[in-house]
Amino acid sequence: MTLTSSGSSQKTMELICPAGTPSALRTAVEAGADAVYCGFRNETNARNFPGLNFDDAELREGVAYAHARGAKVLVALNTFARAGCTKVWQTAVEQAVAAKADALILADLGLIDWARKTFPDQRLHLSVQAAAATVPAIRFYVETFGIRRVVLPRVLTVDEISAIASNVACEIEVFAFGGLCVMAEGRCLLSSYATGESPNMNGVCSPASHVAYAQEGNGLVARLGGFTIDRYPSGKPVGYPTLCKGRFSCNAKVMHVFEEPTSLNTIGILPALQKAGVAALKIEGRQRGKAYLAATVRAFREALDALATERQLPLPELSGLTEGSRQTVGSYRKTWR
Amino acid sequence: MLDVDPQNETLARRGFLPGRLARAMAFLPLYPLEFAAFRVLENTLSQHPGMLSRLGEHASKRFAIDPVDCPFGIILEPRESTPRLSVVPSLETCSWDARIAAPLLVLLGLLDGCYDGDALFFTRDLTIEGDTAAVLALRNAIEDAEIDPGEALGMPKLAAPFVTASLRTIATQLRTALGAPEELNGKTSGAP
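Residues numbered from 1 in each chain as written. Chains lettered and ligands numbered in written order. Predicted model: local features only at pLDDT ≥ 70, side-chain atom pairs only at ≥ 80, totals over all residues. Heavy atoms only, no water.

As for the overall build of chain A
Across its full length, chain A carries nine helices and 17 strands. Taken over C-alpha atoms, the radius of gyration comes to 20 Å for chain A, in line with the 20 Å a tight globule of 337 residues would show. The principal-axis extents of the C-alpha atoms in chain A amount to approximately 60 × 55 × 40 Å. A burial count over chain A gives 59% of its 337 residues as buried. For chain A, long-range pairs separated by at least 24 residues make up 63% of all intrachain contacts whose partners lie at least 6 apart in sequence. (Helix = DSSP H or I, 4+ residues; strand = E, 2+ residues; numbered from the N terminus. Rg over C-alpha atoms; globule rule 2.2 N^0.38 Å. Buried < 20%, exposed > 50% of the residue type's maximum accessible area, 1.4 Å probe, protein only. Contact = heavy atoms within 4.5 Å.)

Examining the nonpolar core
L59(A), I161(A), I172(A), L270(A) and L273(A) are the most contacted members of the largest nonpolar core, which totals 89 residues. Ranked by residues supplied to this core, first place goes to helix α9 (residues 290–308) of chain A with 11 residues. When neighbours within four sequence positions are excluded, L270(A) is seen to be in contact with M13(A), L281(A), F300(A), A303(A), L304(A), L307(A) and L313(A). Residues L41(B), L45(B), C114(B) and F122(B) belong to the second largest nonpolar core, which totals 56 residues. (Core = buried A, V, L, I, M, F, W, Y, C linked by side-chain atoms within 4.5 Å.)

Side note on the pattern of salt bridges
All told, the structure shown has 35 salt bridges over all chains when counted by the stated rule. A salt bridge links R54(B) to E58(A), with the nearest nitrogen and oxygen atoms 3.2 Å apart. You can see R54(B) sitting in helix α3 (residues 50–55) and its partner E58(A) sitting in helix α2 (residues 56–68), one on each of two chains. Judged by its relative accessible area of 4%, R54(B) falls in the buried class. Linking R39(B) and E42(B) is a salt bridge whose minimum nitrogen-to-oxygen distance equals 3.9 Å. Remark: E42(B) and R39(B) occur in helix α2 (residues 31–47); sequence separation between them is three residues, near one turn of the helix. Judged by its relative accessible area of 40%, R39(B) is partly exposed. The exposure class of E42(B) is partly exposed, given its relative accessible area of 35%. Ionic contacts of the salt-bridge type, sharing partners, join the residues E14(A), K72(A), R123(A), R149(A), E171(A), E173(A) and K282(A) into one network. (Salt bridge = Lys/Arg side-chain N within 4 Å of Asp/Glu carboxyl O.)

Brief notes about the sheet that holds strand β9 (residues 211–216) of chain A
Two pairing modes exist for strands in a sheet, parallel and antiparallel, and in both the strands are linked by backbone hydrogen bonds. All names here are of chain A. With antiparallel pairing, three strands are arranged side by side in an open sheet as β9-β10-β11. This sheet does not close on itself; its edge strands, each paired only once, are β9 and β11 (227–233). Adjacent strand axes in the sheet meet at a mean angle of 20°, parallel and antiparallel pairs treated alike. (Pairing = 2+ DSSP bridges. Axes fitted to C-alpha atoms, helices over the stretch in contact; angles between N-to-C directions.)

Describing the interface of chain A and chain B
The interface of chain A with chain B comprises 52 residues on the first partner and 36 residues on the second. Here chain A and chain B share an interface that buries about 3300 Å² over both sides, 52% of which is from carbon and sulfur atoms. Inspection of the region where chain A meets chain B yields five salt bridges. There are 20 residue pairs in polar contact (both at pLDDT 80 or more) connecting chain A and chain B. Those elements that place two or more of their residues in the side of chain A that touches chain B are α1 (22–31), β9, β10 (219–224), β11 and α9 of chain A. By residue number, the principal contributor to the side of chain A that touches chain B is α9(A), which donates eight residues. (Buried area = accessible area lost by both parts, 1.4 Å probe. Polar contact = N/O pair within 3.5 Å; in protein donor to acceptor, adjacent residues only side chain to side chain.)

As for the confidence of the model for chain B
On average, chain B scores 89 in pLDDT, and the residues at 70 or more come to 90%. Low pLDDT, under 50, characterises residues 2–11 of chain B; the predicted model gives this stretch 23 contacts beyond four residues in sequence or across chains. (pLDDT = per-residue confidence, 0-100.)

As for the packing of α1(A) against α2(A)
Residues and elements named next belong to chain A. With their axes 10 Å apart at the nearest point, α1 and α2 run at an angle of 10° to one another. The orientation of α1 relative to α2 falls into the category roughly parallel. Two secondary-structure elements touch here, α1 through P22, L25, R26, V29 and E30 and α2 through E58, G62, Y65 and A66. Here the contact of α1 with α2 is built from residues that sort into five nonpolar, one polar and three charged. (Parallel < 35°, antiparallel > 145°, perpendicular 65-115°, else oblique. Nonpolar A, V, L, I, M, F, W, Y, C, P; charged D, E, K, R; others polar.)

Quick look at the domain arrangement of chain A
All names here are of chain A. Taken as a whole, chain A is organised into domain 1 (2–180 + 262–332) and domain 2 (190–256). Domain 1 and domain 2 are separated by 27 Å when their C-alpha centres are compared. Carbon and sulfur atoms supply 50% of the area buried between domain 1 and domain 2, which totals about 1200 Å² over both sides. There are one salt bridge connecting domain 1 and domain 2. Close ionic contact of K245 with E323 constitutes a salt bridge, the shortest N to O distance being 2.8 Å. Taken together, the links from domain 1 to domain 2 amount to five residue pairs in polar contact (both at pLDDT 80 or more). Among the residues forming the side of domain 1 that touches domain 2, the class breakdown is seven nonpolar, eight polar and five charged. (Domains from an automatic or database assignment.)

Details of the side chain of T262(A)
Residues and elements named next belong to chain A. Residue placement: T262 occurs in the loop between β13 (253–256) and β14 (263–265). Assessed through its relative accessible area of 10%, T262 is described here as buried. A distance of 3.2 Å separates a polar atom in the side chain of T262 from the backbone oxygen of R326. When residues no more than four places from it in sequence are discounted, the contact partners of T262 are L180, K245, E323, R326, Q327 and T328.

Given below as structure tokens:
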């Protein structure tokens, strides 16, 4: 399938790609990322998974590798500092700045304020975890802290993004592919109720240490914090073990109460996103493997290059990489309205 | 593993070795396989010391590697100073912290980085049980290590690239012939 890119004469959108490990960083850069985003191996980033992320030396090497190839590195320090432990987050900012990160992706107001005052020349981005989704909220961050780019929550339509982009003095970044949070991120507490830990404070939604899968009967049972959140019949696709994608009995019906397991894929609406004033596209998945990374980054690189030269957009088959083997444009087109 | 239930419909059967081949393998002694697999483990850990750092506390866990189309299983304990590996005819009586199950060619593809673990999990080509955190740590450690098959087998430096390329070609052809999930090359997907 192809899609024409006529009518999209705006500035080319940057392709921002995930890097859970140094190896993934190299893969993303080689596959055509304009920038990669990554984080430290601790609670300062919202993908604090076992075996994932960078230490101080790995980040410095990664930045040097990316810069040598014309790519940028954005460091996500996008959780909210615990009371009495702000030094952990401040140290992470210092290390990222020392590593020559091109930008820091922050969410915590106190940390943003500290980073701005301590490193006035450092480029700061506002993380999706800050859940800034209105013009006044974004203007506050821009005018108060000099935020240069905001990552919008995955709850807005293309028209709503356009309205925001034309009324704020900063760049707009949106999610383009991967796992889909339908919640206003940074405000979602579902994981906390089941596990006592949350992406906002501990850097993990549905921490792996609380997840258990078991073959029972003729199906796979997924549990989070001891709660059964889904039973997958044999042969049926499965999703991530998050409460928002679990199936529950509600009003005498067993159903996906919040959302079905599915992944975001915006390749088909890239011209509309560009026209809306989006400056950067983010591929989700620091927890994914290099094979996923190479496939998605190349697909979006080809699409963005086609868009820039007004060629027909390639629409590669990516459903095998998606949760539940399904894909959607999510809130960008709210067909349920 | 074959002795569990070869017709088990709870797993996708893409990429399974032919039943006759798998049954014939049951007559082979396990010790040579165990010896070779242990050498690969030793070589890999010495060539990629960062793996143990990524595994962290999970390095001491017992991983049951279950090639569901083969008449054997592997118990792996990476452990920092004294790694252990044993090949057993059945995992049924073994204790483990985490079990990772998939057809042999899929497991080897994961090791070689031509599959994405999450994607295989979504399509039921890969099953995990037990300590999910340990499985993630192992997966991420392998992902970052970029294990080269020729070097892991202990091939001399000059021969390793040739061995690696040959093994990858053979594995790709076998996966195609047996209908395994498509390898990810950046242009297409492994959609069923």
